[in-house]
Amino acid sequence: MKAYFSAGSWTASILLACVFTFPLGGCAGLDRTAHADSLAAPAHLQREQIVTAGFVLTAYTRISQPGAPIDLYIEGDGLSWVTRSQPSLDPTPREATGLAMAAADSAPNVVYLARPCQFTPMDANPRCGIPYWTARRFAPDVVASMNEAISRIVARTPGQRVNLIGYSGGAAIAVLVAAQRDDVASIRTVAGNLDDEYINRIHGVSAMPDSLNPIDFAARVAAIPQIHFSSAQDRIVPPEVARRFSQAAGAVSPFNASGLRCAKVRVLTGLAHDGDWASRWSGLLQ
């Protein structure tokens, strides 16, 4: 069973890490934010913070046509773990694959939404602690915070719908959010964790009883057009995960009485889980 630090010890630990590990260049999180800004700037995505009941979330937004839908990207789990057994002190992603994909999207309205505790200063998020990027990363309060932020963003384009795109763990959030909304036009996932129980089992890691499992909500989103991209070379989230989700989405249930299946799976080659998905993304969007 893994041990988790308290919020207080977590804050002290990261301050010490900044002092001793980065005496000249500042905290690593600042470097990662600068990298994110450099990804966003050419695509005219503007950084902002969105205050929700649970967390202050960081977003990058470009709303240029309020009368058009929004393509909304949800980041992966980021730097959740330093080693197999040691959690990170800051989940801010080093590469921000979800943001790189958003920057490759030429739609008029594009929004990138980071996960709780990513990119946002920790003093703005007193609830942030290691469980929120490990065992509780898909917890109901996390989903509620992300959903609230999405509602605030969608309000900027009245009457328009939202296309959800989730990378890795962001795919889980996309499904869990879509299950609660009636304005989702489509779902796209990339290397998506769509069945965390199955993934944890095949990797021999701890279960996450405090988190929701997206495959349990597959029937609720069955009527939403969706496509799930995987790679045959992905050793973290193999294509079987997307196939299992697609099958569950087509199962007959009270939410899907006819067994309607709008979920498609596309398996690519030549990409690792954390590979350069962004370089192919504009083509895949077509």
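Residues numbered from 1 in each chain as written. Predicted model: local features only at pLDDT ≥ 70, side-chain atom pairs only at ≥ 80, totals over all residues. Heavy atoms only, no water.

Visitor: Help me get a handle on the side chain of Asp77, residues and values and all.
Guide: Checked against the element boundaries, Asp77 lands in the loop between strand E3 (70–74) and helix H3 (97–103). Side-chain polar atoms of Asp77 contact the side chain of Arg115, separated by 2.9 Å. Only 3.0 Å separates the side chain of Asp77 from the side chain of Arg137, close enough to count as a polar contact. Excluding residues that lie within four positions of it along the chain, Asp77 makes contacts with Pro91, Arg115, Gln118, Arg137, Phe138 and Gly169. (Helix = DSSP H or I, 4+ residues; strand = E, 2+ residues; numbered from the N terminus. Polar contact = N/O pair within 3.5 Å; in protein donor to acceptor, adjacent residues only side chain to side chain. Contact = heavy atoms within 4.5 Å.)

Visitor: Outline the state of the cysteines, listing residues and values.
Guide: According to the stated counting rule, one finds one disulfide in the structure shown. Disulfide partner of Cys117: Cys128, at an S-S distance of 2.0 Å. Between Cys117 and Cys128, the S-S dihedral sits near -105°, and the bridge is therefore left-handed. On the criterion of sequence distance, the pair formed by Cys117 in the loop between strand E4 (109–113) and helix H4 (140–154) and Cys128 in the loop between E4 and H4 is long-range, its members being 11 residues apart. Residue class for Cys117 comes out buried when judged on its relative accessible area of 0%. (Disulfide = S-S within 2.5 Å. Buried < 20%, exposed > 50% of the residue type's maximum accessible area, 1.4 Å probe, protein only.)

Visitor: Quick one: what's the story with the environment of Gly67, residue by residue and with numbers?
Guide: Tracing the chain through its elements places Gly67 in the loop between strand E2 (56–63) and E3. For the pair Gly67 and Gly159, spaced 92 residues apart in sequence, the C-alpha to C-alpha distance is 8.0 Å.

Visitor: Lay out the packing of helix H6 (residues 196–203) against helix H7 (residues 239–249) in plain terms, naming residues and giving numbers.
Guide: Interhelical geometry of H6 versus H7 gives an angle of 150° and a closest axis separation of 10 Å. Between H6 and H7, the angle is such that the two are roughly antiparallel. Considering the relative orientation of H6 and H7, their crossing is right-handed. Listed contacts from H7 to Tyr198, Ile199 and Arg201 of H6 are Glu240, Val241 and Arg244. (Axes fitted to C-alpha atoms, helices over the stretch in contact; angles between N-to-C directions. Parallel < 35°, antiparallel > 145°, perpendicular 65-115°, else oblique. Left-handed = near helix turned anticlockwise from the far one by under 90°.)

Visitor: Got a sec to walk through the sheet that holds E4? Specific residues and values, please.
Guide: Spatially, E1-E2-E4-E3-E5-E6-E7-E8 is the arrangement adopted by the eight strands of the open sheet, whose pairing is mixed. Because the sheet does not close on itself, it has two edges, and the strands there are strand E1 (46–51) and strand E8 (263–268). Here the strands of the sheet are splayed against their neighbours by 20° on average, with no regard to which way each runs. Bridge analysis of E1 against E2 gives six bridges, and the strand direction is antiparallel. By the bridge assignment, Ile50 is partnered in E2 with Leu57. Seen against the sheet, H4 touches E1, E2, E3, E4 and strand E5 (162–167) and runs at an angle of roughly 155° to E3. Packed on one face of the sheet, helix H5 (residues 169–178) meets E3, E5 and strand E6 (184–190) and runs near 150° to E5. (Pairing = 2+ DSSP bridges.)

Visitor: Just give me the short version of the pairing of strand E7 (residues 226–231), but keep the residues and values in it.
Guide: Consecutive side chains of a regular strand alternate in pointing toward one face of the sheet and then the other. The buried fraction of E7 amounts to five of the six residues, a majority that puts the element mostly inside the structure. On the question of chirality, the crossover connecting E6 to the parallel E7 by way of H6 is right-handed. When E7 meets E8, the two strands line up parallel, connected through six bridges. Within E8, the position partnered with Ser230 by the bridge is Val267. (Right-handed = clockwise from strand over helix to strand, strands pointing away.)

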